[in-house]
Amino acid sequence: PDEYWNVDVTLGAGHKSFTARLATDSKGKKLLPKNEAEARAIEKGLEGAEYVVAELKKGKRAKQPTPAFITSTLQQEASRRLGFTATRTMRAAQTLYEGVDIAGHGTMGLITYMRTDSLRISEEAIAAAKTFILGRYGQSYYPKTARHYKAKAGAQDAHEAIRPANIDLRPEEIKASLTRDQFNLYKLVYLRFVACQMANAVYDSVSVEIDAAGHSFRTSSSSLKFSGYTAVYEEGKDDDKEEKEPTLPPLTEGETLDLKSFGRDQHFTQPPAHYTDATLIRAMEEQGIGRPSTRAAIIETLFKRNYIRK
């Protein structure tokens, strides 16, 4: 592994402080010290420097919802959020598709066909989602036009995306008739489908460049302005180690900041992480291994034959 160091400064503006990371030198060249000695030399060169807000950019960023589930994304999300293996996910999905005895309704299928690579949604389902969203969340939570998603090239598109068969059957209302796995998976499918038809989430964003003795430090921040689809659902992440952006105090260009502290962090380049259920399914999909109907069986066979293990 290769060694590298991040150099940070904690700066004060009024009664609040924040951290910015060293980005470039006086020639605009990216700075990434390769050892502690280089990091210390940079710190020494900045002794007594004045830290000034050189550039301040404010903007808005819109984030679109993710499409309704296909087989691979359902398996990945059930792994991330519920800890399900692909086989466990498909077993629960099969029972939801075939039909469950719902108190007061009788036996009925709760989701559309669960082996699909299509993002297509019927116009009837889109219209039902619109009625539901407008009635429950209001006009501002519905986009100007209904959302239609295109499947990836090579998709068979034989079935719709995975969605609730009846949007009026809310998960909490039928929970007593479902097993725990059925309820958790149905709720996932239901919320993802509702969210995929909702308005964008909107964020206020701020990016700041700070000059100190010709060196440039950078930081950014974003805050949710309008929740949009995130009021219902946000997709899980494979990596929980993503760095969180700091909350920045009010700043103005030309403002001089107070240096609170200087920091150095040692890092090493990392090899690829082991697969999780979610990332293995994603890799199989990217490499064209298997079909929506076979990937869970392929993984289960590999475990049974001890070719792979957790």
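Reference entry: report on the structure contained in this document. (Residues numbered from 1 in each chain as written. Predicted model: local features only at pLDDT ≥ 70, side-chain atom pairs only at ≥ 80, totals over all residues. Heavy atoms only, no water.)

**Quick notes on the environment of E98**
Residue placement: E98 occurs in helix α3 (residues 86–98). Taking relative accessible area as the criterion, E98 reaches 56% and is therefore assigned exposed. Taking the C-alpha atoms as reference, E98 lies 48 Å from T247; in sequence the two are 149 residues apart. (Helix = DSSP H or I, 4+ residues; strand = E, 2+ residues; numbered from the N terminus. Buried < 20%, exposed > 50% of the residue type's maximum accessible area, 1.4 Å probe, protein only.)

**Describing the side chain of R295**
Looking at the element boundaries, R295 is found in helix α8 (residues 295–304). Despite being buried, R295 has no salt bridge partner; E285 is the closest side chain of opposite charge, sitting 4.8 Å away. Here the side chain of R295 touches G290 through a polar contact of 3.3 Å, landing on its backbone oxygen. Discounting residues that sit within four places of it in the chain, R295 has contacts with S72, Q75, M284, E285, I289 and G290. (Lys, Arg positive; Asp, Glu negative; His and termini not counted. Salt bridge = Lys/Arg side-chain N within 4 Å of Asp/Glu carboxyl O. Polar contact = N/O pair within 3.5 Å; in protein donor to acceptor, adjacent residues only side chain to side chain. Contact = heavy atoms within 4.5 Å.)

**Description of the pairing of strand β3 (residues 51–63)**
One ladder, built from two bridges, connects β3 with strand β8 (residues 256–268); its direction is antiparallel. Note on β8: the bridge partner recorded for Y51 is L257. Sheet topology note: the β3/strand β6 (residues 201–212) ladder contains eleven bridges and is antiparallel. Of the residues in β6, the one forming a bridge with E55 is E209. (Pairing = 2+ DSSP bridges.)

**Points about the sheet that holds strand β1 (residues 3–13)**
Around the barrel, six strands lie side by side as β1-β2-β7-β6-β3-β8; this closed barrel has antiparallel pairing. Sheet twist, expressed as the mean angle between neighbouring strand axes with direction ignored, is 35°. (Axes fitted to C-alpha atoms, helices over the stretch in contact; angles between N-to-C directions.)

**A few points about the packing of aromatic side chains**
All told, the structure shown has six aromatic pairs when counted by the stated rule. Centre to centre, the rings of Y137 and Y141 are 5.9 Å apart; their planes meet at 45°, and the pair counts as tilted. Classification of Y137 by relative accessible area gives partly exposed; the value is 27%. Arranged with centres 4.8 Å apart and planes meeting at 45°, the rings of Y141 and F226 form a pair that is tilted. Linking Y141 in the loop between α4 (123–136) and α5 (171–174) with F226 in strand β7 (residues 215–226), this pair joins segments that are 85 residues apart in sequence. Judged by relative accessible area, which is 18%, Y141 ranks as buried. Taking relative accessible area as the criterion, F226 reaches 22% and is therefore assigned partly exposed. Here the aromatic residues F132, Y186 and Y190 are joined through ring pairs into a cluster of three or more. Of note, R61 hangs over the ring of Y203, and the distance from its end group to the ring centre comes to 4.7 Å. For K175, the ring lying beneath its charged end belongs to F183, and the centroid distance is 4.8 Å. (Phe/Tyr/Trp six-rings, centres within 6.5 Å; stacked < 30°, edge-to-face > 60°. Lys NZ or Arg CZ within 6 Å of the ring centre and 35° of its normal.)

**With respect to α4**
The terminal C-alpha atoms of α4 lie 20 Å apart, and with 14 residues this matches the ideal 20 Å at 1.5 Å per residue to within 8%. For α4, the full list of buried residues reads A125, I126, A129, F132 and I133. Each buried residue of α4 sits inside an arc of 125° when the element is viewed along its axis, so together they form one side. α4 presents E124, T131 and G135 as exposed residues on the side facing more than 90 degrees away from its buried surface. Those residues of α4 that are buried are in contact with α6 (180–196). One or two steps after α4, the chain reaches G138, where phi turns positive at roughly 100°. (Expected span 1.5 Å × (residues − 1). Arc of directions from axis to C-beta.)

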